[in-house]
Amino acid sequence: MSDDRIAQCRATALARPDDTENLWSWGHALLDANEAEEARSKFERIVELEPDDHESWHIVGVCFARSNLWPNAIFAYRRALDVYREFPDCWADLGDALVANGALHDARSAYESGLSAVLPNEEAHNQILRGLDRLS
C-alpha cells in the first residue's frame, strides 16, 4: 500500500512540487516504507516553505534519529520546540536523542519539561517516564 501512496505522491509532486500536504503524505509513506533519508528530504522541504511548522521539524528529527544522526536530530527537535513548547512527543524524543548522544543532564531536563506538557497516560508520558527511569 505504501508503494502506491509513494507513487501517487510522486506524481502529484510533478504538478505541484511545493504542495506541503502532498509532501507531508509522501514523507509519511516513505517513513512507513523505512526510507527515512528520502522521507527527511520531503519534511525538510516543508520547513523550507513553512519554517514555523513544528510538526515537520519534529519529523525531520525523527528521520535523523532513525539514522542515528543524534546532533542533527537534537537540532531539529529543538527547532520544533522553539516554535511550539507544549509538544510532549518532541520533548520525549529530544530526551531520547540526548541520552543516545551522551548528554544525560540535558536529557533529564528535556524529559522534565515534557512532563509539564503531557497528560498522564498519553504515550509520550510513558516514554518520558521510561527515559527518566533509565537516567536514575
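Residues numbered from 1 in each chain as written. Predicted model: local features only at pLDDT ≥ 70, side-chain atom pairs only at ≥ 80, totals over all residues. Heavy atoms only, no water.

Turning to the overall build of the protein, a few remarks are in order. When you go through the protein residue by residue, the secondary structure sums to eight helices and zero strands. When its helices and strands are written in sequence order, the protein yields α-α-α-α-α-α-α-α. Over its C-alpha atoms the protein spans a radius of gyration of 16 Å, differing by no more than 12% from the 14 Å that the globule rule assigns to 136 residues. Judged by the C-alpha coordinates and their principal axes, the protein covers about 50 × 30 × 25 Å. Across the 136 residues that make up the protein, the buried fraction comes to 45%. Considering only contacts in the protein between residues 6 or more positions apart, those separated by 24 or more positions represent 42%. (Helix = DSSP H or I, 4+ residues; strand = E, 2+ residues; numbered from the N terminus. Rg over C-alpha atoms; globule rule 2.2 N^0.38 Å. Buried < 20%, exposed > 50% of the residue type's maximum accessible area, 1.4 Å probe, protein only. Contact = heavy atoms within 4.5 Å.)

This next bit is on unusual backbone geometry. Backbone geometry at asparagine 34 places phi at a positive 60 degrees, although glycine is not the residue there. Mapped onto the elements of the fold, asparagine 34 is located in the loop between helix H2 (20-32) and helix H3 (36-49). Its identity is not glycine, yet asparagine 68 carries a phi of approximately 60 degrees, on the positive side. Tracing the chain through its elements places asparagine 68 in the loop between helix H4 (54-66) and helix H5 (70-83). The exposure class of asparagine 68 is exposed, given its relative accessible area of 52%.

Once that is clear, we can look at helix H8 (residues 123-135). Helix length check: H8, at 13 residues, gives a terminal C-alpha distance of 19 Å against a target of 18 Å (1.5 Å per residue), a fit within 8%. Inspection of H8 places Ala124, His125, Gln127, Ile128, Gly131, Leu132 and Leu135 among the buried residues, and these make up the whole buried set. For H8, the buried positions fall inside an angular range of 165 degrees around the axis, keeping them on one side. Residues of H8 that are exposed and point more than 90 degrees away from the buried face comprise Glu123, Asp133 and Arg134. Residues of H8 that are buried in the fold lie against helix H6 (88-100) and helix H7 (104-115). (Expected span 1.5 Å × (residues − 1). Arc of directions from axis to C-beta.)

So, about the pattern of salt bridges. Summed over all chains, the structure comprises six salt bridges. For arginine 16, the salt bridge is made with aspartate 19, and the minimal N-O distance between the two is 2.8 Å. Overall, arginine 16 belongs to the partly exposed group, its relative accessible area being 45%. (Salt bridge = Lys/Arg side-chain N within 4 Å of Asp/Glu carboxyl O.)

Our focus in this paragraph is the nonpolar core. One finds Leu31, Phe43, Tyr77 and Leu94 to be the most contacted residues of the largest nonpolar core, which totals 41 residues. Taken together, the elements giving at least two residues each to this core come down to helix H1 (2-15), H2, H3, H4, H5, H6, H7 and H8. The element that contributes the greatest number of residues to this core is H4, accounting for seven residues. Ignoring sequence-local partners within four residues, the contact set of phenylalanine 43 consists of Trp24, Gly27, His28, Leu31, Ser56, Ile59, Val60 and Cys63. (Core = buried A, V, L, I, M, F, W, Y, C linked by side-chain atoms within 4.5 Å.)

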